[in-house]
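# Architecture at a glance
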Amino acid sequence: MPIQIIAPAPFVTAADEEDDEGGVRLDFDNEGDIAMDSDAPRRAGRQTGGIVTPGEVVTDDPQWMRGHGTYLCQSHESGSQSIVSSLAGTISKTNKLLSIRALKFRYVPEIGDLVVGRILEVQTKRWRVDIAAPHSATLLLSSINLPGGILRKRTSTDELQIRTFFSEGDLLVAEVQTLSNDGQASLHTRSLKYGKLRNGVFMMIDAGMVRRMKSHVLTMNTSNGGGEVDIYLGVNGYIYIAKHTTPLTESGGPEGKSVSITRLEEEASEAIYSNVNEEISPETRAEIARIACVIGALAKNGVKVDEEMVHLGYEAALEEFLQGMEWGGDGEMGRRVVEASLVKRREQ
Amino acid sequence: MPPPTPLSPPELSYLYTSLSLTPPIRLDLRQPSQFRPIIAECSFLPHCNGSSRICMTEAGECIVGIKAEVEKDATTKYATVIEREKWIEVSVEVAGGGVAGAGSGSGGGGGGVGIGGISGAGGATGRDEGDGGAAVWLKEGLLAGGGGAGAGWSILDRLVISSGWHWKLYIDVLLLTPTSHPSPLLLSTAVNMALSSTYLPKLTSPHDIDDIPTFSDDWAISTPLYEPTSFPKPPISLPVVAVGDNVFLDPSVAEVAAAEAGLVITLSLVDEEGSCDVVGVRSMEVGRAGGKEGERKGIGRKLLREMVGACVKEAGEVIKGLGETTQKQMFRA
Amino acid sequence: MAAKAPDRRRNNPPSHGTTPPVFLSSASSGAVKPKQSSRPPNEIRKIFLRTGLISSVTGSSFLEIAPLKLSISVLGPRPLPRTSSTPFAAQAILTTEVKFAPFASTVRRGYVRDSSERDLGSRLYQALVGAIRRELYPKSRIEVVVTILDSEDEGDDVNTVYMEEGKTTVETKFWDAGRSERALGVVLAGCITAASAALADAGIEMFDLVSGGVATSFVDEVGLKGKGVGDAVSNKLYVRDPAIAPPEGKVPLATCVLGYMAARDEISELWISGKVGTKNGTAEMDELVDEAIAAARSARGVLNEAAKERVQFIVDKTGTTEPLKEESTDVQMTG
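Residues numbered from 1 in each chain as written. Chains lettered and ligands numbered in written order. Predicted model: local features only at pLDDT ≥ 70, side-chain atom pairs only at ≥ 80, totals over all residues.

## A few points about the overall build of chain C
- When its secondary structure is counted, chain C shows 5 helices and 11 strands.
- For chain C, contacts bridging at least 24 residues in sequence account for 74% of all contacts bridging at least 6. (Helix = DSSP H or I, 4+ residues; strand = E, 2+ residues; numbered from the N terminus. Contact = placed C-beta atoms within 7 Å.)

So this is what it looks like as structure tokens:
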């Protein structure tokens, strides 16, 4: 059968899926203080796993501070202040700060986030970058590593040659450097960790499906002779999976290569902004595709993507079809892989 | 409408090399002739003679409603081919004005060059249709499906009520996912299922009089537009692209962007063994056509054979699968 | 959609169109038969193709194939408008526009392009886009504008009309569904050929000239009644560059239109409509495609001549002998 035709699944409520570990993990602790005041009917939502809807009173206990997704409301009768939710989502608390996390949202950039983005537009001294946020981010010409060394001065020649660094459609990995008042992010790639992406594939998942981690660049050892593979898990849900490349040393060219100090800089520049892929073996390509399928399946089945899950999912995928190349990435196969990887996690 | 951001050169080259390997590696590890799963539902709109809903991972969701209205022949006995072709009206409406979420969109907009649309609609000036000309080829396939002129069967015959009266079929396709280039597979499977689930009320007045016809209001004895047990079945259009010497069915957006040649092939099932007739072929705009020197600029004859052959091989199963799904859902209701 | 928006600039005819009068020759009681063409099925009609007739545009051509007359202007390459909404284009952006003149067919056409005209435009785009070396013209735009002045039209000879005892009977040709495909196919093939000539005239670099070809397969009419389709198929007749009227006793099965690059043996645009049975592989389709390619090859001869003719004309007129000079220096260098 070349095609799989699925009848639409009946709507499943949260109650039906209670035993399913795969759902979005609710960080709310039912034993916590805020669950204590339980008389008002409007607060009933909190008893069923900490899910609130906009307008719902979260608490009127003055010990809590309001965080994202909440606002303060003064009651007309008692005059007491209560914290009210302004989002549909789960309650999360950090010390005494109450905030609501929406289940589905667009990416909101924060300083220090590692993001994967795509150049939308080239302007005179900057680029506009799509990072899946409400506003496109900007990347200034002065925020990138210019060829010829970090300390080089920016010249008008660079401005004229702006397209040789990044052009429309180019993918890059960057860090959010600053945020303007209206939430627009400004990126920088002034580290050899960041820069243009090549040698791999790009995919996107919902921003909320990437768990924030210490490091968002993973290097995985793959089976089937695939070698090492780098995974850039952008906090914004954009993901790039590429063949592992030896990071360029601070001084320029690849390690162990002796070149004169002036040539070094030339090499670095070419390597950073080259549009040519390296030689990638078919084995590596197959494993890159497998990892992409795993990440896609995890996100689709509502499991947050992090380093552990990618590893477990990849293992599960390998077990399911050791050499198999018959995977659509979604549908039944994807489900099976995700379930298998969740079982593995529970075992650990 | 701003065109979607193109893929970056390394991305395209990576895709191109992966797809031109032997055996090729598709990014989602599919076989070259494997389709992505689709979610299909039919006959769920009570006000329509036939309806369907199709969901695809990448192409999104689309709903088709078919309504039949009784109409007097515009030129009575002078009904010409042109007049008769007006008996079927296909329109494709894109929700949200057809603007792809390309600006800063994560909703699939960042994807690729003009994709999936048939024959370079991106290049025509004053491109004022949101549907990339989809309505034109959908109707063309429908009229040709079932053999067109030569096979002696036409869907138009089924629309004749009596002398001077006919059904006018309105096929309204509503694309719920905004896109500038809807996937041909999505639209054609949706129309296919909707047509298979279309029933027309039974005529109770005699066939040969010119008076206004009357119909039975009992849906249990209504007649299907396409007989479920006989052939032909409604046609289906399959997109197929070629990269190097490899041929891929149901290409993803990125694969179309990296492909060298693309066709949309309309096929119609002719017997129970799953044999299919090709009833239409159209070129599809692909990303790399007309790229750099030394690349393929068109389709060679050998490649054309391979592309059509690949579709013919798989189409029977697809049409049969769709037909079975339709029947299952029709009788469940 | 803009197509449905009222056109305020002109005084428009009724929106629903008008029915053309059908004149019957009252003297004859027999059928008014459409004219039969006398040329053999493997021969295309004579093509008249000239370039450079419109002086105000970069390149132009005029093509005439029996009733079909069309004129093509090529504008550009010219810069893209410098607005913020215009995206950067590393390759030239090609735009094509096909418009029937309102008087080009029996039924008057409006000024606003209808869906079939838009469709023809996008086919023409597909046929040409691969052949143009677009990467040599970054940030620019090339426009191909086609105006069809006269066409062999869908409205002609639609029905066979009988007159008996003062009563008119019309035998409708319901099953000739391939008629509009053939008419549009001939128009598209003409557009492709003429547009290549106009592009060459405009001095735009191309990998190869694209010529258009169209072929239709016909089967015996008798074979249709009943189940004798198999017999009919074996009796297939391929007609290159088909006229509107089908050959005597034949009904059309499928029509193939393509844009063909002869030097590269590649098809840049393909449109097949109608049944090309493939129970036994793709043999039937191959035959039809080969016929269309043969038609395109025939047109290519005319296209080459037309492209050369203009160059020759200018060379003669200006007395430029540069090509010869270069040739002689080459000889000196090798010798």
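## Looking at the overall build of chain B
- Assigned secondary structure in chain B consists of 7 helices and 12 strands.
- Within chain B, contacts between residues separated by at least 24 positions form 72% of all contacts whose residues are at least 6 apart in sequence.

## Brief notes about the nonpolar core
- By size, the foremost hydrophobic cluster in this structure holds 244 residues, and its most contacted members are Ile239 of chain A together with Leu124 of chain C.
- Looking at this core element by element, the count peaks at 14 residues for helix H2 (residues 179–201) of chain C.
- Structurally, this core is a two-domain feature, drawing no fewer than three residues from each of domain 1 (1–24 + 200–348) and domain 3 (109–197) of chain A.
- Listed in part, the 7 residues of the second largest apolar core include Val58, Ile83, Ile91 and Ile100 of chain A. (Core = buried A, V, L, I, M, F, W, Y, C linked by C-beta atoms within 7 Å. Buried ≥ 20, exposed ≤ 12 C-beta atoms within 10 Å, placed from the backbone. Domains from an automatic or database assignment.)

## Side note on the sheet that holds strand S12 (residues 276–283) of chain B
- What the 8 strands build is an open sheet, ordered S10(B)-S9(B)-S11(B)-S12(B)-S11(C)-S10(C)-S8(C)-S9(C); its pairing is antiparallel. Since the sheet does not close on itself, it has two edges, and those belong to strand S10 (246–249) of chain B together with strand S9 (237–240) of chain C, each with one partner. Going from strand to strand, the sheet's axes swing by 25° on average, the running direction of each strand aside.
- The pairing of S12 of chain B with strand S11 (residues 266–277) of chain C spans 5 bridges and is antiparallel. (Pairing = 2+ DSSP bridges. Axes fitted to C-alpha atoms, helices over the stretch in contact; angles between N-to-C directions.)

## Points about the sheet that holds strand S4 (residues 65–66) of chain A
Residue and element names in this part refer to chain A.
- Sheet architecture is open: 4 strands sit in the order S2-S7-S8-S4, paired in mixed fashion. Each edge of the open sheet is held by one strand with a lone partner, namely strand S2 (51–52) and S4.
- Where strand S7 (residues 89–94) and strand S8 (residues 97–102) come together, 6 bridges link them in antiparallel fashion. Pairing of threonine 90 across the sheet is with arginine 101, part of S8.

## Description of the packing of helix H3 (residues 134–144) of chain B against helix H5 (residues 184–196) of chain B
Residue and element names in this part refer to chain B.
- Look at H3 against H5: their axes get within 11 Å of each other, and the N-to-C directions meet at 45°. Relative to H5, H3 is oriented oblique. In terms of crossing hand, the pair formed by H3 and H5 is right-handed. Side by side, H3 and H5 meet where Ala134, Leu138 and Gly141 of the first sit next to Leu187, Ser188 and Val191 of the second. (Parallel < 35°, antiparallel > 145°, perpendicular 65-115°, else oblique. Left-handed = near helix turned anticlockwise from the far one by under 90°.)

## Overview of helix H5 (residues 282–300) of chain A
- Between its terminal C-alpha atoms H5 of chain A stretches 27 Å, which fits the 27 Å expected from 19 residues at 1.5 Å a residue.
- Summarising burial for H5 of chain A: 16 of the 19 residues are buried, a large majority. (Expected span 1.5 Å × (residues − 1).)

## So, the confidence of the model for chain C
Residues and elements named next belong to chain C.
- Looking at chain C as a whole, its pLDDT mean stands at 76, while 70% of the residues score no less than 70.
- Of the regions scoring below 50 in pLDDT, residues 172–177 engages in 21 contacts with residues more than four places distant in sequence or in other chains.
- Scored below 50 in pLDDT, residues 223–232 makes 11 contacts in the model with residues more than four places away or belonging to other chains.
- If you check the scores for this complex, the pTM reads 0.80 and the ipTM reads 0.81. (pLDDT = per-residue confidence, 0-100.)

## Concerning the packing of H5 of chain A against helix H6 (residues 307–320) of chain A
Residue and element names in this part refer to chain A.
- Contact geometry for H5 and H6: axes closest at 9 Å, N-to-C directions at 115°. Here H5 is positioned roughly perpendicular relative to H6, judged by the angle of their axes. When the axes of H5 and H6 are compared, the crossing they make is right-handed. Here Arg290, Ile291, Cys293, Val294, Ile295 and Leu298 of H5 lie close against H6, whose contacting residues are Met309, Val310, Gly313, Tyr314 and Ala317.
- In terms of residue class, the contact of H5 with H6 is built from 9 nonpolar, 1 polar and 1 charged. (Nonpolar A, V, L, I, M, F, W, Y, C, P; charged D, E, K, R; others polar.)

## Overview of the environment of glycine 323 of chain B
Residues and elements named next belong to chain B.
- Following the sequence through the fold, glycine 323 ends up in helix H7 (residues 301–332).
- Separated by 317 residues in the primary sequence, glycine 323 and proline 6 have C-alpha atoms spaced 37 Å apart.
- Setting aside anything within four residues of it in sequence, one finds glycine 323 in contact with Ser196 and Lys233.

## Some details on the pairing of strand S12 (residues 171–179) of chain A
Residues and elements named next belong to chain A.
- Of the strand pairs in this sheet, strand S9 (residues 114–122) and S12 are connected by 5 bridges, and their pairing is antiparallel. Along S12, the bridge assignment pairs valine 116 with valine 173.
- Strand direction decides the pairing type here: S12 and strand S14 (residues 195–196), joined by 2 bridges, are antiparallel. By the bridge assignment for S14, leucine 172 is matched with lysine 196.
- Adjacent in sequence and paired antiparallel, S12 and strand S13 (residues 185–188) are bridged by 5 residues, among which glycine 183 carries a positive phi angle near 85°.

## Remarks on the pairing of strand S17 (residues 227–233) of chain A
Residues and elements named next belong to chain A.
- Counting buried positions along S17 gives 5 out of 7 residues, so the element sits mostly inside the fold.
- Two strands pair when backbone bridges link them, and strand S16 (residues 217–222) and S17 are joined in this way by 6 bridges, in the antiparallel orientation. Paired with methionine 220 across the two strands is valine 229, which belongs to S17.
- Turn length for the S16-S17 hairpin, with the two strands adjacent in sequence and antiparallel, is 4 residues, and the turn residue asparagine 224 shows positive phi of about 55°.
- Here S17 pairs with strand S18 (residues 238–243) via 5 bridges, running antiparallel. Across the sheet, residue leucine 233 finds its bridge partner in S18, namely isoleucine 239.

## Observations regarding the environment of histidine 68 of chain A
All names here are of chain A.
- Of note, histidine 68 is situated in the loop between S4 and strand S5 (70–74).
- Residue histidine 68 is classed as partly exposed on the basis of its 15 C-beta neighbours within 10 Å.
- Histidine 68 sits 18 residues away from serine 86 along the chain, and the two C-alpha atoms are 8.8 Å apart.
- In this structure, histidine 68 is in contact with Ser99 and Ile100, ignoring residues within four places of it in sequence.

## Examining H6 of chain A
- Along its 14 residues, H6 of chain A runs 20 Å from first to last C-alpha, staying within 8% of the 20 Å computed at 1.5 Å per residue.
- Three or more residues of H6 of chain A are buried, namely Met309, Val310, Leu312, Gly313, Tyr314, Ala316 and Ala317 of chain A.

## A short note on unusual backbone geometry
- A cis amide bond links threonine 22 of chain B with the next residue in sequence, proline 23 of chain B, at an omega value of -5°.
- One non-glycine residue, alanine 132 of chain A, lies in the positive phi region at around 65°.
- With respect to the element layout, alanine 132 of chain A can be found in the loop between strand S10 (126–130) and strand S11 (137–140).
- One non-glycine residue with positive phi stands out, namely lysine 139 of chain C, at about 55°.
- In this structure, lysine 139 of chain C sits in the loop between helix H1 (115–129) and strand S5 (140–150).
- Judged by the 15 C-beta atoms lying within 10 Å of it, lysine 139 of chain C falls in the partly exposed class.

## Considerations on the confidence of the model for chain B
Residues and elements named next belong to chain B.
- A residue-level look at chain B finds 77% of positions with pLDDT of 70 or above and a mean pLDDT of 75.
- Of all secondary-structure elements in chain B, the lowest mean pLDDT belongs to helix H2 (residues 81–85), at 66, while S10 reaches the highest, 91.
- Per-residue pLDDT stays below 50 along residues 98–130; that stretch engages in 116 contacts with residues further than four places along the chain or on separate chains.

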